[in-house]
Amino acid sequence: MKDLKYKSEDTNQISDELQICSTDDGSISLKSTKYKERFHSNTGAKKEAQEKFVNTSNIQRFKKGQEICVLDVCFGMGYNTATLMEELEDKQIFMTWWGLEIDKRPLEIALRSSTFKTNWSKRILTNLKSIQNSNQFLDTFYNGQIIWGDARKTLRQISPKIKFDLIFHDAFSPKQCPELWSEEFLTGLANKLSKDGRIITYSRAAAIRASLRRSGLVIKSILPTDPKTLDWSIGTIAIRRNSKETDDKSNKFTQPLLAREEEHLETIAAVPYRDPTGDSLSHEIKKIRAYEQSNSSLKATNSWKEKWGDTKIE
Ligand SMILES: C[S@@+](CC[C@H](N)C(=O)[O-])C[C@H]1O[C@@H](n2cnc3c(N)ncnc32)[C@H](O)[C@@H]1O
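Bear in mind that the values here come from a model prediction, so they are computed numbers and not experimental data. (Residues numbered from 1 in each chain as written. Predicted model: local features only at pLDDT ≥ 70, side-chain atom pairs only at ≥ 80, totals over all residues.)

## Focus on the overall build of the protein
No. 1: The number of helices and strands found in the protein is 11 helices and 13 strands.
No. 2: Relative to the 2.2 N^0.38 estimate, which gives 20 Å for 314 residues, the radius of gyration of the protein is 19 Å and therefore close to what a compact globule would have.
No. 3: Projecting the C-alpha coordinates of the protein onto the three principal axes gives extents of approximately 55 × 45 × 40 Å.
No. 4: Put simply, the protein has 314 residues, and 42% of those count as buried. (Helix = DSSP H or I, 4+ residues; strand = E, 2+ residues; numbered from the N terminus. Rg over C-alpha atoms; globule rule 2.2 N^0.38 Å. Buried ≥ 20, exposed ≤ 12 C-beta atoms within 10 Å, placed from the backbone.)

## Brief notes about the packing of helix α1 (residues 45-54) against helix α2 (residues 79-88)
Packed helix pairs are specified by the crossing angle of their axes together with the interaxial distance, meaning the distance between the axes.
No. 1: Between α1 and α2, the least distance of the axes is 9 Å, while the angle of their chain directions is 70 degrees. Accordingly, the angle class assigned to the pair α1 and α2 is roughly perpendicular. With respect to the hand of their crossing, α1 and α2 are arranged in right-handed fashion. In contact with A45, K46, A49, Q50, F53 and V54 of α1, α2 contributes Y79, N80, T83, L84 and E87. (Axes fitted to C-alpha atoms, helices over the stretch in contact; angles between N-to-C directions. Parallel < 35°, antiparallel > 145°, perpendicular 65-115°, else oblique. Left-handed = near helix turned anticlockwise from the far one by under 90°. Contact = placed C-beta atoms within 7 Å.)

## Re the confidence of the model for the protein
No. 1: Taken residue by residue, the protein gives an average pLDDT of 93. The fraction at 70 or more is 94%.
No. 2: Note on residues 8-13: pLDDT is under 50 here. Beyond four places in sequence and across chains, it has 8 contacts. (pLDDT = per-residue confidence, 0-100.)

## Brief notes about the sheet that holds strand β6 (residues 94-101)
No. 1: Ordered by their spatial adjacency, 9 strands build an open sheet running β7-β8-β6-β5-β9-β10-β12-β11-β13, and the pairing between neighbours is mixed. The strands lining the two open edges of the sheet, one partner per strand, are β7 (136-138) and β13 (254-256). Sheet twist, expressed as the mean angle between neighbouring strand axes with direction ignored, is 20 degrees.
No. 2: Pairing geometry for β6 and strand β8 (residues 142-148), over 7 bridges, is parallel. Among the inter-strand pairings, W98 is bridged to a residue of β8, identified as Q145. (Pairing = 2+ DSSP bridges.)

## A closer look at the site of the ligand
No. 1: Around the ligand sit 21 residues, and of these C74, G76, M77, Y79 and A151 come closest.
No. 2: Residue composition of the shell around the ligand, grouped by class: 13 nonpolar, 3 polar and 5 charged. (Near = placed C-beta within 6 Å. Nonpolar A, V, L, I, M, F, W, Y, C, P; charged D, E, K, R; others polar.)

## Considering helix α7 (residues 183-190)
No. 1: Where α7 is concerned, the buried positions are F185, L186, L189 and A190. What you see down the axis of α7 is that its buried residues fit within an arc of 145 degrees, all on one side.
No. 2: Buried residues along α7 sit in contact with α6 (151-154), β9 (164-169), β10 (193-201), α8 (206-214) and β11 (217-222). (Arc of directions from axis to C-beta.)

## Observations concerning the environment of N191
No. 1: Note that N191 resides in the loop between α7 and β10.
No. 2: Remark: the alpha-carbon pair of N191 and I237, spanning 46 residues in sequence, is separated by 15 Å.

## Focus: the packing of helix α3 (residues 105-112) against helix α5 (residues 122-134)
No. 1: At a closest axis distance of 10 Å, the pairing of α3 and α5 adopts a crossing angle of 135 degrees. When the axes of α3 and α5 are compared, the pair comes out oblique. Considering the relative orientation of α3 and α5, their crossing is left-handed. Listed contacts from α5 to L107, E108 and L111 of α3 are L128, K129, I131 and Q132.

## Section: the pairing of β6
No. 1: Taking burial as the measure, the 8 residues of β6 include 6 buried ones, the bulk of the element.
No. 2: Pairing analysis gives 7 bridges linking strand β5 (residues 67-73) to β6, with the strands arranged parallel. When the sheet's bridge partners are listed, I68 is paired in β6 with M95.
No. 3: In the classification by handedness, the crossover that spans β5, the intervening α2 and the parallel β6 is right-handed. (Right-handed = clockwise from strand over helix to strand, strands pointing away.)

## Considering α8
No. 1: Counting buried residues in α8 gives 7 out of 9 residues, a clear majority hidden from the surface.
No. 2: Along α8, the residues that are buried comprise A206, A207, I208, R209, A210, S211 and L212.
No. 3: Just beyond α8, the residue with positive phi is G216, at close to 95 degrees.

## Observations concerning unusual backbone geometry
No. 1: For C74, which is not a glycine, the phi torsion comes out positive at approximately 70 degrees.
No. 2: Looking at where C74 falls in the secondary structure, it is placed in the loop between β5 and α2.
No. 3: Notably, N135 is not glycine yet its phi reads approximately 65 degrees, a positive angle.
No. 4: Residue class for N135 comes out partly exposed when judged on the 14 C-beta atoms lying within 10 Å of it.

Okay, here's the thing in structure tokens:
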């Protein structure tokens, strides 16, 4: 597909250009020049939403007539929410939804693309268009609203009384966007979980897992679905310790951490990203972490890599 480019100035004063690209499942994605990353993996934007975020939501536990509460952090083009709506279709489950996103362009670009629109039912497209036009949607079973802005600040605008059954966390990688992976931000998300709620993310980074665990959550690994892959994990789910969901053995998409993953958390890769004020710049967060890593008594991550084989992500 020919790349199309959309330019804007963002809040960090660095020009960000979004380029449309295609993925292997035929769904479109975007690449950000500021973050130097694609929004989705090459294998497929829609496939990724299904495999990493929706399969692991374990929606079979929700019953007809029940109301669930969902938070989509880094809504972007809306794949994770739209795929969840598709999965909930006909189940007669009520959903209250909140979205957090800093940039309106990904959804605008998505809704201008006929390739994107062919993925979704009329009902889902109506809800996505409503988010674009009025920052909210309402239909028979769903009501939702998006808050535009830096998620570190907008998260605080959600009443502490609201607790989420599902929190999707789909920021750019910790190396590119550490501000949304700080221990403080992750703890803020953990505090918003309902009793049996779960945070779901594609990240398997040791720093993220260690922070989620320190915030009182039980960590599980998301299993790769491709039988030919050498990948050991495609993400993390985090559940409150006293939840009955922690020993749910029926979910074939997740499992407790393997020895390799536990040992990963004993290396300097597990040193957290810190942002106590909630407004540090990316480079400041990375600098403080690098300093902490250089003074850490944790094992070198290289020896862990040598023991277990190479990995793409720390
Ligand atoms: C990997 S993309 C998310 C993909 C999205 N879930 C989808 O399905 O299209 C990361 C998103 O994070 C957003 N973002 C970056 N920094 C942010 C911040 N501080 N607060 C909220 N959103 C942010 C970007 O604009 C981008 O849309």
